[in-house]
Amino acid sequence: MTPASSSSREMHPQLMLLLELQDLRAQHRELEGDEGAAPVEAEHFNIDRDEARTTLGKKIEELEDRLSPSIRSRYNRIAPNRERVVVPVINGVCYGCFVSIATATVGDQDVHQLVQSCENCGSFIYVAS
Amino acid sequence: MKLRELFTSDSVELDLSAESKDDILKELIQLLGLDDKSDAILFKTLKRRENLGSTGIGKGIAIPHCRSLVVNKLRLAYGRKPEGVDFQAIDEEPVHNFFLIVAPPLEVSNQYLPVLGKIAQFAKDPDIPEVLSGIETAEEFLTLLEERAP
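These lines cover the structure that appears in this document, whether it is placed above or below. All chains use their own residue numbering, which begins from 1 and follows the written sequence. The lettering of chains begins at A and the numbering of ligands begins at 1, in the order of writing. Totals for whole chains, interfaces and linings use every residue, but because this is a predicted model, local features are given only for residues with pLDDT of at least 70 and side-chain atom pairs only at 80 or more, for both listing and counting. Computation of side-chain values: all heavy atoms of the structure, hydrogens and water removed.

**As for the overall build of chain B**
Line of reasoning, step 1. Helical segments are the DSSP runs of H or I of at least four residues, strand segments are the runs of E of at least two, and each set is numbered from the N terminus. Counting its secondary structure elements, chain B contains five helices and six strands.
Line of reasoning, step 2. Going residue by residue from the N terminus, the α and β elements of chain B occur as β-α-α-β-β-β-β-β-α-α-α.
Line of reasoning, step 3. Computed over its C-alpha atoms, the radius of gyration of chain B comes to 14 Å, within 12% of the 15 Å expected for a compact globule of 150 residues.
Line of reasoning, step 4. Taken along the three principal axes of its C-alpha coordinates, chain B extends 35 × 30 × 25 Å.
Line of reasoning, step 5. Scored against the burial criterion, the 150 residues of chain B give a buried share of 61%.
Line of reasoning, step 6. Whether two residues touch is decided by their heavy atoms; if any such pair falls within 4.5 Å, the residues are in contact. The long-range fraction of contacts in chain B, counting pairs at least 24 apart against all pairs at least 6 apart in sequence, stands at 70%. Put simply, the radius of gyration uses C-alpha atoms, and a globule should come to 2.2 Å times the residue count raised to 0.38. Exposure categories follow from relative accessible area, calculated using a 1.4 Å probe and restricted to protein chains: below 20% of the type maximum is buried, above 50% is exposed, and the middle band is partly exposed.

As structure tokens, then:
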């Protein structure tokens, strides 16, 4: 397994925040309905689904408030309609829309110092190697 | 997919050095061999999951787990702390055995939840804690998985 990112420089703080948001949204989504993680979490870990979803929802809102206005605006356009706000780019392909991303956008070794979006689907991108 | 196939000997540590819950999580994350930034993001995500309720399921076993964009396939690690650590487990007893499970948000093979359930089932086998405590090498651990969690 290759690490998802290998840049030695700092990741853009807003991208880091988006990644955290993405992970929290995934957890939140997975506790929806009677399928997915909810029954497993309840059976093996005694998790109260409603309580957990409320806690996660609050944390998501808290993190959303820390997004800069321009990124928040892009985020708000994407978030209501898509499960994934940030999508991985693997081997140059956006896993939000499965369209190739320009090498100029993702080829730089310090790609994570910028918050970039897929030109086709608009999702924020995170380059996995 | 057999559990055995999801572990490598590199992702098994039979003598964790950490002394606290947070440090145990960090040490487990390191077994996955990600970069520092990914480690930091994963730690936060695992901590947030722990804040919902401990993944310590009792009898000295914990299964910290989450989905995270920092991995692009299902990753597992196992760590053992013979002396045990307070992990706020359900039975309030120290935890000795830790199974870390991390899956990407987008998972084509959809193995995460079945694997989570399978490990929880394996860990709940009454004699498993004792068997795990007697393991001396990573290979023995992998053989145990092969025999008891096919």
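Next, the rest of the story.
**Some points on the pairing of strand 1 (residues 86–90) of chain A**
Within a regular strand, side chains alternate between the sheet's two faces.
All names here are of chain A.
Line of reasoning, step 1. Along strand 1, five of the five residues are buried, which leaves the element largely enclosed by surrounding structure.
Line of reasoning, step 2. Here strand 1 shows no split at all, with Val86, Pro88 and Ile90 on one side and Val87 and Val89 on the other all buried.
Line of reasoning, step 3. Pairing between strand 1 and strand 2 (residues 93–94): two bridges, direction antiparallel. Residue pairing for strand 2: Ile90 is matched across the bridge by Val93.
Line of reasoning, step 4. Each pair of strands is called paired provided DSSP finds at least two bridges between the two strands. Between the antiparallel neighbours strand 1 and strand 2 lie two residues, among them Asn91 with a positive phi of about 50 degrees.

**Looking at the packing of aromatic side chains**
Residues and elements named next belong to chain B.
Line of reasoning, step 1. Each aromatic pair joins two rings of Phe, Tyr and Trp (for Trp, the six-membered one) with centres within 6.5 Å, and gets the label stacked for planes under 30 degrees apart, edge-to-face for over 60, and tilted for any other angle. In this structure the tally under the stated criterion is seven aromatic pairs over all chains.
Line of reasoning, step 2. Between the aromatic rings of Phe7 and Phe141, the centroid separation amounts to 5.3 Å while the plane-to-plane angle is 85 degrees, which identifies the pairing as edge-to-face. Pair noted here: Phe7 is in the segment before strand 1 (12–13) and Phe141 is in helix 5 (residues 138–148), with a separation of 134 residues, a long-range link. The residues Phe7 and Phe141 share a single accessibility class, namely buried.
Line of reasoning, step 3. Aromatic pair Phe99 and Phe141: ring centres 6.2 Å apart, planes at 40 degrees, arrangement tilted. Residue Phe99 is located in strand 6 (residues 95–103), and its partner Phe141 is located in helix 5; the two are separated by 42 residues in the primary sequence. The pair formed by Phe99 and Phe141 is uniform in burial state, with each residue classed as buried.
Line of reasoning, step 4. Taken together, the aromatic side chains of Phe7, Tyr78, Phe99, Phe122 and Phe141 make up a single cluster linked through ring pairs.

**Observations concerning the pattern of salt bridges**
As a working rule, side chains carrying opposite charge can pair if their charged atoms are close by.
Line of reasoning, step 1. Should a side-chain nitrogen of Lys or Arg be within 4 Å of a carboxyl oxygen of Asp or Glu, the pair is scored as a salt bridge. Counting across every chain of the model gives 16 salt bridges over all chains.
Line of reasoning, step 2. Of the charged contacts, one joins B:Arg49 and A:Glu41 as a salt bridge, the two residues approaching to 2.6 Å between their closest N and O atoms. Remark: A:Glu41 occurs in helix 2 (residues 37–45) and B:Arg49 occurs in helix 2 (residues 36–52); the pair is interchain, linking two chains. Residue B:Arg49 shares its accessibility class with A:Glu41, and that shared class is buried.

**Brief notes about helix 3 (residues 112–124) of chain B**
Because each turn of an α-helix spans 3.6 residues, side chains separated by three or four positions end up pointing in the same direction.
Line of reasoning, step 1. Here helix 3 of chain B is 13 residues long and its end C-alpha atoms lie 18 Å apart, about the 18 Å a rise of 1.5 Å per residue gives.
Line of reasoning, step 2. The complete set of buried residues in helix 3 of chain B reads B:Tyr112, B:Leu113, B:Val115, B:Leu116, B:Gly117, B:Ile119, B:Ala120, B:Phe122 and B:Ala123. The span expected for a helix works out to 1.5 Å for each residue beyond the first.

**Examining the interface of chain A and chain B**
Line of reasoning, step 1. Listed as interface residues are 41 residues of chain A and, on the opposing side, 36 residues of chain B.
Line of reasoning, step 2. Two parts placed together each lose some accessible area under a 1.4 Å probe, and the buried area is that loss summed for both. Carbon and sulfur atoms supply 63% of the area buried between chain A and chain B, which totals about 3,200 Å² over both sides.
Line of reasoning, step 3. Remark: the boundary between chain A and chain B carries four salt bridges.
Line of reasoning, step 4. A salt bridge links A:Glu30 to B:Arg67, with the nearest nitrogen and oxygen atoms 2.5 Å apart.
Line of reasoning, step 5. Two N or O atoms count as a polar contact when they lie within 3.5 Å, although within protein this holds only if one can serve as hydrogen donor and the other as acceptor, and sequence-adjacent residues are included solely when both atoms are side-chain atoms. Here chain A and chain B share ten residue pairs in polar contact (both at pLDDT 80 or more) between them.
Line of reasoning, step 6. Of all the elements in the fold, those that place two or more residues in the side of chain A that touches chain B are helix 1 (13–30), helix 2, helix 3 (49–64), strand 1 and strand 3 (124–128) of chain A.
Line of reasoning, step 7. For the side of chain A that touches chain B, the element with the highest residue contribution is helix 1 of chain A, accounting for nine residues.

**Quick word on the environment of A:Pro13**
Residues and elements named next belong to chain A.
Line of reasoning, step 1. Structurally, the position occupied by Pro13 is in helix 1.
Line of reasoning, step 2. Here Pro13 falls in the exposed class, since its relative accessible area comes to 61%.
Line of reasoning, step 3. Through-space distance from the C-alpha of Pro13 to that of Thr103 is 23 Å; in sequence the pair is 90 residues apart.

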